[in-house]
Structures are given as C-alpha cells and as structure tokens.
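Structural description and commentary
These are the residues of each chain, in order.
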Amino acid sequence: MDRPGTLAGLNRRILEAYSRRTIDALRAVLPLRVALPHLEPVLARNVAKETQKDALVIRSAGETIAAGRQPDRDVLSGLLDATKEIDRTFLAQVGTLPIGIVVPYHEIAPIRMQRIERLFAAAGRIIGAWHVGRGLRAALQESYPRAELERLLWDLLRLYAVETRVLSRSVQLPVLVVPLREHIAQRLYETMSDIASRLAGELAFMVFRKNPLRGAP
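In short, a report on the structure. For every chain, the first residue of its written sequence is number 1, and the numbers climb from 1 along that sequence. Since the coordinates come from a predicted model, pLDDT governs what is reported: local features require at least 70, and pairs of side-chain atoms require 80 or more to be given and counted, while whole-chain, interface and lining totals use all residues. With hydrogens and water stripped out, all remaining heavy atoms of the structure feed into the side-chain values.

**As for the pattern of salt bridges**
Each salt bridge in this description consists of a side-chain nitrogen of Lys or Arg and a carboxyl oxygen of Asp or Glu lying within 4 Å of one another. Evaluated as defined, the whole model comprises 18 salt bridges. Here Glu-202 makes a salt bridge to Arg-21, at a shortest N to O gap of 2.8 Å. Note that Glu-202 is positioned in helix H7 (residues 181-208) and Arg-21 in helix H1 (residues 3-26), a separation of 181 residues in sequence. Relative accessibility decides the category of a residue: with a 1.4 Å probe and only protein chains considered, values under 20% of the type maximum give buried, values over 50% give exposed, and everything between is partly exposed. Among the residues examined, Glu-202 registers a relative accessible area of 32% and is labelled partly exposed. For Arg-21, a relative accessible area of 30% gives the class partly exposed. Here Asp-194 ties to Arg-198 by a salt bridge, and the two come within 2.8 Å at their closest N and O atoms. Remark: Arg-198 and Asp-194 occur in helix H7; sequence separation between them is four residues, near one turn of the helix. The class of Asp-194 is partly exposed, set by a relative accessible area of 41%. Taking relative accessible area as the criterion, Arg-198 reaches 43% and is therefore assigned partly exposed. Put simply, Lys-49, Glu-50, Lys-53, Asp-87, Arg-112 and Glu-163 are held in one network by salt bridges that share partners. Only DSSP runs of H or I reaching four residues or more are called helices, and only runs of E reaching two or more are called strands; each is numbered from the N terminus.

Here's what the structure looks like:
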C-alpha cells in the first residue's frame, strides 16, 4: 500500500473542501463579492499548488520513516526550496489571467516553513502508526486523541489561511477596491479561519465516529 499517497489524497480532498467552502462563503460578503472575480481564480489555482506542495512533504516524511532516519533542517529547507518551483508554475498559470500577482517570499517563507514542519511531523507520526492490514482511519485514531487531531487540522488549515491572506494582498484589484485591500485580506482570513475551525471539528468527529460517512470530507 502507498501510505504516503493515500494520506496525500486525503489531504487533497480536505483542502479542496476547504477551498469550496471558502469561495461559497465569500459570495455572501459584499466587499469580498466585489473582489471575488479577481480572487476566485487565484484561490482555485492556489489549492492545486498547495496540495502538490503538501504531497511532497508527506512523501518526504514517508521516505524518512522508511529509512529509519530523523528529519533534519536540510530536509525541511530542501522542501521549502522545492515549493518555490511549484510557485513558479502557479505564477505562469496566473499570468494567463487578467490579473497580476507577486509572491512576497519575505512574508510567506516563515509561515510556509511552520506548515512544512507541522505537516512533516504529523505525516511521519501517522505513517509510523499505520500497521499492516489497517486503514488510514485506524492510523489517525492511533496517532492522535480526538481533541489533538482537531487542533492539528485546525492549525494546518489556519497556516494555509495565513499564507493565503498574505498572497491575496498582492493580487491586482480594481482601482475602486484598492483602498479596501487590507480589509478584504483580513475578511478573507477571518472567513477562512472560521471555516477551518468548523471543518477541523467535522473531520475529527468523522474519524472517531463508529460509522464514518463514506466519501468525506
């Protein structure tokens, strides 16, 4: 069984659900609804690039566990560098849209490294607890108590929201909306943070319920 691949697949479904809920919620907020035609293409492509980055981190954690090694700063720094190549592909895709964006690495790098460290540690813990003949849900249950799993999921989604807030500030907006840029970025973060809290709770509940819903999230 490809345990890292299965875990990366779950992570992708979580981030896609998170992105869908965020976009739906933004449509109900007037200042964000005005900016949404400019933000939505970025958010849609952003989730694809983030799932790709996360897959790199999860597979690296799996390789580290399989080799019996301890993670070191060189591995984590290498993963941070690898994410920049994915960013370049993302920027090339966004460049085909009628918007402009610059990734402010001086702000994003510390946030991204936190998320890499948190995800790498969590993936290693889950994969290490994933016994032969058991599924991912059992590995999650064995790795974390329910409250701790919920906090982990919330923290990973929160860091995603923080990075998205920073990225949203660099998106070109209509002239009339530019004075609201900081307000829009903050409302985006607040919306994503609220959704992150609720989604983390739902996911932890589904992992520990006796009969989890199929196809979640």
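Past the structure itself, the notes keep going.
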